[in-house]
Amino acid sequence: VGFHPLDQDSLNTVLERELKVGAERAQDLATLSSGSVKLAIWFESDDGKALIAQAEAFLEAVAAGSLLARLDWALAAADDRRSLDRLLGVVAVLLRERWARAAGLPKELQLLSHEPAHGRSLPAAQLSALMGAVADCRQALARNANIGLALDALCLVAERPATAA
């Protein structure tokens, strides 16, 4: 039996009802979970909130300009292989949201109800390069690349000056 994905309004309604959260939080959870009700519910747990904080920590390390902070983040992220793709998915959403705001996109194209806590100083070109690096990292990990090397490569992208496209 095949199931079709829920449309955005139905998904938000389910999350609002099941999690007893407001419309903005339901939208944020739907965005962070890529539309998965199960994952959205998990993001409301303590473990889910910790993973979101860990994703925010990546933006904080990049904004600080410290390679050591980024490599420390990578070392901590590598500890849990099972949740690494989920973590990188949240990092991608936060980078995309920060990029949308840095690029001056209209509010309608911003996916989260609030901006990420860190990374305000990052230029759109650097955020774009980081989004590509996260996608590359996820693809490498899907091909069973060495976790440490894949995450180190992600961290090193922030060292290169971004050029405007």
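Up top you'll find the structure we're talking about.
All values reported here derive from a predicted model rather than from experimental measurement. (Residues numbered from 1 in each chain as written. Predicted model: local features only at pLDDT ≥ 70, side-chain atom pairs only at ≥ 80, totals over all residues. Heavy atoms only, no water.)

Asks: Where do I start with the packing of aromatic side chains in this structure?
Replies: Any pair of aromatic rings gets described here by the distance separating the centres and the angle formed by the planes. Taken as a whole, this structure holds 2 aromatic pairs when the rule is applied. Over the ring of Trp42 we find Arg86, and its NZ or CZ is 4.4 Å from the ring centre. (Phe/Tyr/Trp six-rings, centres within 6.5 Å; stacked < 30°, edge-to-face > 60°. Lys NZ or Arg CZ within 6 Å of the ring centre and 35° of its normal.)

Asks: I keep staring at the nonpolar core and nothing clicks. Help me out?
Replies: Here is a general trend for soluble globular proteins: nonpolar side chains tend to be buried in one another's company. Residues Phe58, Trp73, Leu88, Leu151 and Leu154 are the most contacted members of the largest nonpolar core, which totals 44 residues. Of all the secondary-structure elements, those providing two or more residues to this core are helix H1 (8–19), helix H2 (23–32), helix H3 (37–43), helix H4 (46–64), helix H5 (67–77), helix H6 (81–102), helix H7 (124–142) and helix H8 (147–157). Ranked by residue count, the leading element in this core is H6, at 8 residues. If sequence neighbours within four positions are ignored, Phe58 has contacts with Trp73, Val91, Leu95, Leu130 and Leu154. (Core = buried A, V, L, I, M, F, W, Y, C linked by side-chain atoms within 4.5 Å. Buried < 20%, exposed > 50% of the residue type's maximum accessible area, 1.4 Å probe, protein only. Helix = DSSP H or I, 4+ residues; strand = E, 2+ residues; numbered from the N terminus. Contact = heavy atoms within 4.5 Å.)

Asks: I'm lost on the side chain of Glu97 in this one. Help?
Replies: Inspection of the secondary structure assignment puts Glu97 in helix H6. Note on Glu97: relative accessible area 0%, which makes it buried. A distance of 2.8 Å separates a polar atom in the side chain of Glu97 from the backbone nitrogen of Leu111. At 3.3 Å, the side chain of Glu97 forms a polar contact with the backbone nitrogen of Leu112. (Polar contact = N/O pair within 3.5 Å; in protein donor to acceptor, adjacent residues only side chain to side chain.)

Asks: Just to check I follow, could you spell out the side chain of Gln110 for this structure?
Replies: Position of Gln110 relative to the elements: it lies in the loop between H6 and H7. Owing to a relative accessible area of 17%, Gln110 belongs among the buried residues under this scheme. Within the structure, the side chain of Gln110 is placed 3.4 Å from the side chain of Arg101, a separation counted as a polar contact. Within the structure, Gln110 has its side chain in polar contact with the backbone oxygen of Leu105 (distance 3.4 Å).

Asks: Help me understand the packing of H4 against H5, please; the structure alone is not making it clear to me.
Replies: Angle between the axes and distance between the axes: these two values describe a pair of packed helices. The contact between H4 and H5 brings their axes to 8 Å, and the two run at 160°. It follows that H4 is roughly antiparallel to H5 by the angle criterion. The handedness of the crossing between H4 and H5 comes out as left-handed. Taken together, the residues of H5 that come into contact with H4 (itself represented by Gln54, Ala57, Phe58, Ala61 and Val62) are Ala69, Arg70, Trp73, Ala76 and Ala77. Each residue belonging to the contact of H4 with H5 can be placed in one class, and the counts come to 8 nonpolar, 1 polar and 1 charged. (Axes fitted to C-alpha atoms, helices over the stretch in contact; angles between N-to-C directions. Parallel < 35°, antiparallel > 145°, perpendicular 65-115°, else oblique. Left-handed = near helix turned anticlockwise from the far one by under 90°. Nonpolar A, V, L, I, M, F, W, Y, C, P; charged D, E, K, R; others polar.)

In short, shape yes, function no, at least from these values alone.
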